[in-house]
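# Observations on the model geometry
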Amino acid sequence: MNRLSVTLPGLDLKNPIMPASGCFGFGEEFAQLYDLNLLGAIMVKATTLEPRLGNPTPRVAETYGGMLNAIGLQNPGLDEVLAKKLPFLAQFDLPVIANVAGSTEEDYVEVCRKITQAPNVRAIELNISCPNVKHGGIAFGTDPQTAYRLTKACKAVCKVPLYVKLSPNVTDIVAIALAVEKGGADGITMINTLLGMRIDLKTRKPVLANITGGLSGPAIKPVSIRMIHQVSQAVKIPIIGMGGVSNVDDVLEMIMAGASAVAIGTANFTDPMICPDIINALPQRMDELNITSIESLIESIRKERHG
Amino acid sequence: MILVSNRKLTADVHELILQGNLAKDVPQPGQFVDLKVPRADLLLRRPISIASVDNDTITLVIRASGEGTKALCARHIGETMDVLGPLGHGFPIDFLKTDQTALLIGGGIGIPPLLQLAKELHDQRVKVTIVLGFQTKAALFYHDEFERYGTVLIATDDGSFQTQGTVETVLDQQLKDLSADAVYACGPKGLNRMVITRYKHHPHAYVSLEERMACGIGACAACVCQKDNDPIHNLKVCEDGPVFRTSEVSL
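Residues numbered from 1 in each chain as written. Chains lettered and ligands numbered in written order. Predicted model: local features only at pLDDT ≥ 70, side-chain atom pairs only at ≥ 80, totals over all residues. Heavy atoms only, no water.

### A word on the overall build of chain B
Heads up, the condition is: Under the DSSP-based scheme used, a helix requires at least four consecutive residues in state H or I and a strand at least two consecutive residues in state E, with every element numbered from the N terminus. Think of it in three bands: residues with accessible area under 20% of the maximum for their type are buried, residues over 50% are exposed, and the middle band is partly exposed, with areas taken using a 1.4 Å probe on protein chains only. Whether two residues are in contact is decided by their heavy atoms: any pair within 4.5 Å suffices. All accessible-area figures derive from a Shrake-Rupley calculation using a 1.4 Å probe, and residue coverage is judged against the displayed protein chains alone.
Scanning chain B from terminus to terminus reveals 5 helices and 16 strands. For chain B, the spread of C-alpha atoms along the three principal axes comes to 50 × 45 × 35 Å. Within chain B, the fraction of its 251 residues that count as buried is 59%. Counted over contacts in chain B with a minimum sequence separation of 6, partners at least 24 positions apart contribute 61%. With the model as given, the accessible surface of chain B reaches about 10,600 Å², and the carbon-plus-sulfur share is 47%.

### Quick word on the packing of aromatic side chains
Which entries qualify depends on this criterion: Planes of paired rings set the category: under 30 degrees apart is stacked, over 60 is edge-to-face and the rest tilted, where pairs are Phe, Tyr or Trp rings (Trp by its six-membered ring) whose centres lie within 6.5 Å. In this scheme, Lys NZ or Arg CZ marks a charge over a ring once it lies within 6 Å of the ring centre and within 35 degrees of the ring normal.
The full count for this structure, using the stated rule, is 8 aromatic pairs over all chains. With 5.9 Å between their ring centres and 70° between their planes, A:F88 and A:F92 make a pair best called edge-to-face. With a centroid separation of 5.6 Å and 75° between ring planes, the pair formed by B:F134 and B:F141 is classed as edge-to-face. An identical accessibility class is assigned to B:F134 and B:F141; each is buried. Over the aromatic face of A:Y148 sits the side chain of A:K182, whose NZ or CZ is 4.9 Å from the ring centroid.

### Here's the deal with helix 2 (residues 113–123) of chain B
All names here are of chain B. The set of residues buried in helix 2 consists of P113, L114, L115, Q116, L117, A118 and L121. The secondary structure elements touched by the buried residues of helix 2 are strand 4 (46–54), strand 7 (101–107), strand 8 (127–134), helix 3 (143–147) and strand 11 (182–186). Trailing helix 2 by a residue or two, R125 shows a phi angle of about 60°, which is positive.

That's the geometry; what it means functionally is another story.
Okay, structure coming up:
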């Protein structure tokens, strides 16, 4: 038995580690650094119906223990993702989680309808939480009714399990989580970035051309842990956790908070080998903490929460 | 890589020499490395262009301007530095033949990658003219090093050394009649923009761009620049560049 393996709707994972969407492109660059077969899965860059150029630069700014980004969903568009990006990943034994974004409900549904057909797409991650675009994105993820409606509409066309990526930029994240569960989501991924801003003292202007951006990195981990803890008690569907994870202890902490798998985002920039390094470090750390397997840890946490 | 030398070139510009296998793997002048900052609270690597390569060492020139670059410049000899690279595409030179001419234009902290370029062009017996711009005489560095490889003309903003003005002043006043077979530039945005405009239709004009980066390898799409005459695609400075033809980018 593989003590690292986990099973989630649509996803049989050899380990619980995957790069988070937006921090790993479509895997082409990291594939030159290591064997992507090592990963549990890959969450690819958000895909929209039409190609998008994204926001003006500067798009990133460093903060203490974190960074702000305002990429703005730059991507080559659905057609190129289907024709080139996903086929590239087909050479690996690697479940793909396709991140879907849009400006309107129709956009989201159309991208879901087509991307769900790609043979290596095992699940869809509905991005209702991008804070960096003027239309769509986070607008779908801050109101429970809207989130419910969009989830339901997309679920109707998805042939693979649908996960919904939640925004932390809300007063009550549990209400949104319950709404997407009711809308038919098979799982939740959380959290997207926290809206933030920095000002340059010399120019007295915002550092980011977009003015605001999404905060990620170790600085936000206590927030992601808290929110996963809250949501995992309220919903029955599984959670793929993310938000500031940068080492093996963070991974286990997030699973203890209520996640069933863990995505690594910003840490890939600091250390491009972070995902395989964490996967390698897991067994020894599990031994030290008397954890037999990831599945048994998830099960024990779940029992505690739901009886 | 191991830090084997760290010396100040000016009040805030350091020259770091690093030893390691990576040095054997730098095919082009103008490529860069991404340095991990030795502080847990600073997550993003710092992209630094390679100033020169010599057997098993690379030389980097860093201006200690922010917290990350200050921490990098404070490293001691003998310490190990976490270096990702070499990254990006550098300056193409293979098309130049003996006795053809190359014009190199650099400004401030954009100057270092031109040193290895000047050396390789000189080795290829290309005639090299180098125009460098600094704020003031005290900010000047690598003057002697560049003079080994060609004719060096310098502009300072305050006129404290050679021509008062910018590199453009030197081009207009002293090099009006120079018809270069290749033009290479690296500097602040204003200099790069001037070069792109001035040499837009030159068949062999190249400019090295700078942009804030996150991953350094092309995955995050942070460091993009505008592709000329293409409303749908842009270019990634780290992966497609940092060196671009003047005809393919807009600034």
